[in-house]
Amino acid sequence: MRPSMLKPTLIVAGAVLLPLAGFSAFLLASTPEDYRSKIISSVQQETGATLKLTESLHWQLWPFGIKLGKISLLESRSAISLLDASNAVMSINPLSLLS
């Protein structure tokens, strides 16, 4: 490789590897269970309904998100189920993070 191409190549490699390393560190340092209470309280605040998560949460790599497993959405003042799902996934669009 010519010396004049070395610097741009290193910049591109750093631009790709640095975010990848940060993302990997995030996945290794945290667990989706850390966000369980935040997810439940956000649903309560936004809808007034109670979200019941009965299974453990897991990372999903593509599209990036959290596998919620079996969930139920209950009316706030009763045990009436508004929604039951057996394989729910909460994900984000990674391209939206770039804008």
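Relevant structure appears above.
Below or above, wherever it landed, is the structure these notes cover. Treat the numbers as computed from the prediction; the structure is a model and nothing was measured.

Here is what the cut-offs are and how they apply
- Every chain is numbered independently, its residues counted from 1 as its sequence is written.
- Residues qualify for local features only when their pLDDT is at least 70, as the model is predicted, and side-chain atom pairs are given and counted only at 80 or more; totals for whole chains, interfaces and linings, by contrast, use all residues.
- Working from all heavy atoms in the structure, the side-chain values ignore hydrogens and water.
- Secondary structure is summarised from DSSP: a helix means a run of H or I of at least four residues, a strand means a run of E of at least two, and numbering begins at the N terminus for each.
- To get the radius of gyration, use the C-alpha atoms; to get the globule rule, take the number of residues to the power 0.38 and multiply by 2.2 Å.
- For each residue, the accessible area found with a 1.4 Å probe, counting protein chains only, is set against the maximum for its type, and the residue is called buried under 20%, exposed over 50%, and partly exposed in between.
- Here, residues are in contact when the closest pair of their heavy atoms is within 4.5 Å.
- All accessible areas in this document rest on Shrake-Rupley with a 1.4 Å probe, and a residue is counted as covered only by the protein chains that are shown.
- Charged residues are defined narrowly, with Lys and Arg counted positive, Asp and Glu counted negative, and His plus the chain ends left uncounted.
- A single reference atom marks each charge: NZ on Lys, CZ on Arg, CG on Asp, CD on Glu.
- Residues forming no salt bridge and having over 30% relative accessible area are the ones grouped into patches, like charges within 9 Å of each other and nonpolar side chains (Val, Leu, Ile, Met, Phe, Trp, Tyr) within 5 Å.
- For this document, the term salt bridge refers to a Lys or Arg side-chain nitrogen within 4 Å of an Asp or Glu carboxyl oxygen.
- In short, DSSP must find at least two bridges between two strands for them to pair.
- Between 30 and 60 degrees the pair is tilted, below 30 it is stacked and above 60 it is edge-to-face, where a pair is any two Phe, Tyr or Trp rings, Trp via its six-membered ring, whose centres lie within 6.5 Å.
- In this text, buried Ala, Val, Leu, Ile, Met, Phe, Trp, Tyr and Cys residues form a nonpolar core when linked through side-chain atoms within 4.5 Å.
- The definition of a polar contact used here is a pair of N or O atoms within 3.5 Å, where within protein one atom must be able to donate a hydrogen and the other to accept one, and adjacent residues in sequence count solely through side-chain atom pairs.

1. Looking at the overall build of the protein
Now for step 1: For the protein, the count of helices and strands is two helices and four strands.
Now for step 2: When the elements of the protein are put in sequence order from the N terminus, they spell out α-α-β-β-β-β.
Now for step 3: Computed over the C-alpha atoms, the radius of gyration of the protein is 20 Å, more than 25% above the 13 Å expected from 2.2 N^0.38 for a compact globule of 99 residues.
Now for step 4: Every one of the 99 residues in the protein was classed for burial, and the buried ones make up 19%.
Now for step 5: In the protein, once contacts between residues fewer than 6 apart in sequence are set aside, the share between residues at least 24 apart is 35%.
Now for step 6: Carbon together with sulfur atoms contributes 66% to the accessible area of the protein, which is approximately 7,400 Å² in total.
Now for step 7: Taking the average location of the 8 positive side-chain charges in the protein and that of its 6 negative ones, the two points are 12 Å from each other.

2. Re a nonpolar patch on the surface
Now for step 1: On the surface, Phe 23, Phe 26, Tyr 35, Leu 61 and Trp 62 cluster together to form a nonpolar patch covering roughly 550 Å² of accessible area.
Now for step 2: Within the fold, Phe 26 resides in helix α1 (residues 3–29).
Now for step 3: Its relative accessible area of 34% is what places Phe 26 among the partly exposed residues.

3. Points about the pairing of strand β1 (residues 50–53)
Now for step 1: Taking every second residue as pointing to the same face, the buried face of β1 carries Leu 51 and Leu 53, while none of Thr 50 and Lys 52 on the other face is buried.
Now for step 2: Bridging between β1 and strand β3 (residues 65–74) involves four bridges; their strand directions are antiparallel. When the sheet's bridge partners are listed, Thr 50 is paired in β3 with Leu 74.

4. Focus on the packing of aromatic side chains
Now for step 1: Throughout the structure, instances matching the rule amount to two aromatic pairs.
Now for step 2: Judged by centre distance (5.5 Å) and plane angle (20°), the ring pair of Trp 59 and Phe 64 falls under stacked.
Now for step 3: Three or more aromatic residues joined by ring pairs form one cluster here, namely Tyr 35, Trp 59 and Phe 64.

5. Here we look at the nonpolar core
Now for step 1: Counting 10 residues, the largest nonpolar core consists of Ile 39, Ala 49, Leu 51, Leu 53, Leu 57, Ile 66, Leu 68, Ile 71, Leu 73 and Ala 88.
Now for step 2: When residues of this core are traced back to their parent elements, those giving at least two are β1 and β3.
Now for step 3: No other element matches the four residues that β3 contributes to this core.
Now for step 4: Ile 71 has contacts with Leu 51, Lys 52, Leu 53, Leu 83, Asp 84, Ala 85 and Ala 88, leaving out every residue within four places of it along the chain.

6. As for the pattern of salt bridges
Now for step 1: Applying the stated criterion to the full structure yields one salt bridge.
Now for step 2: Arg 36 is the partner of Glu 33 in a salt bridge, and the nearest nitrogen-oxygen pair spans 2.8 Å.
Now for step 3: Taking relative accessible area as the criterion, Glu 33 reaches 32% and is therefore assigned partly exposed.

7. Remarks on the side chain of Ser 72
Now for step 1: Assignment of secondary structure puts Ser 72 in strand β3.
Now for step 2: Side chain to side chain, Ser 72 and Asp 84 meet in a polar contact 2.8 Å long.
Now for step 3: Contact partners of Ser 72, with chain neighbours within four places excluded, come to Thr 50, Leu 51, Lys 52, Leu 83 and Asp 84.

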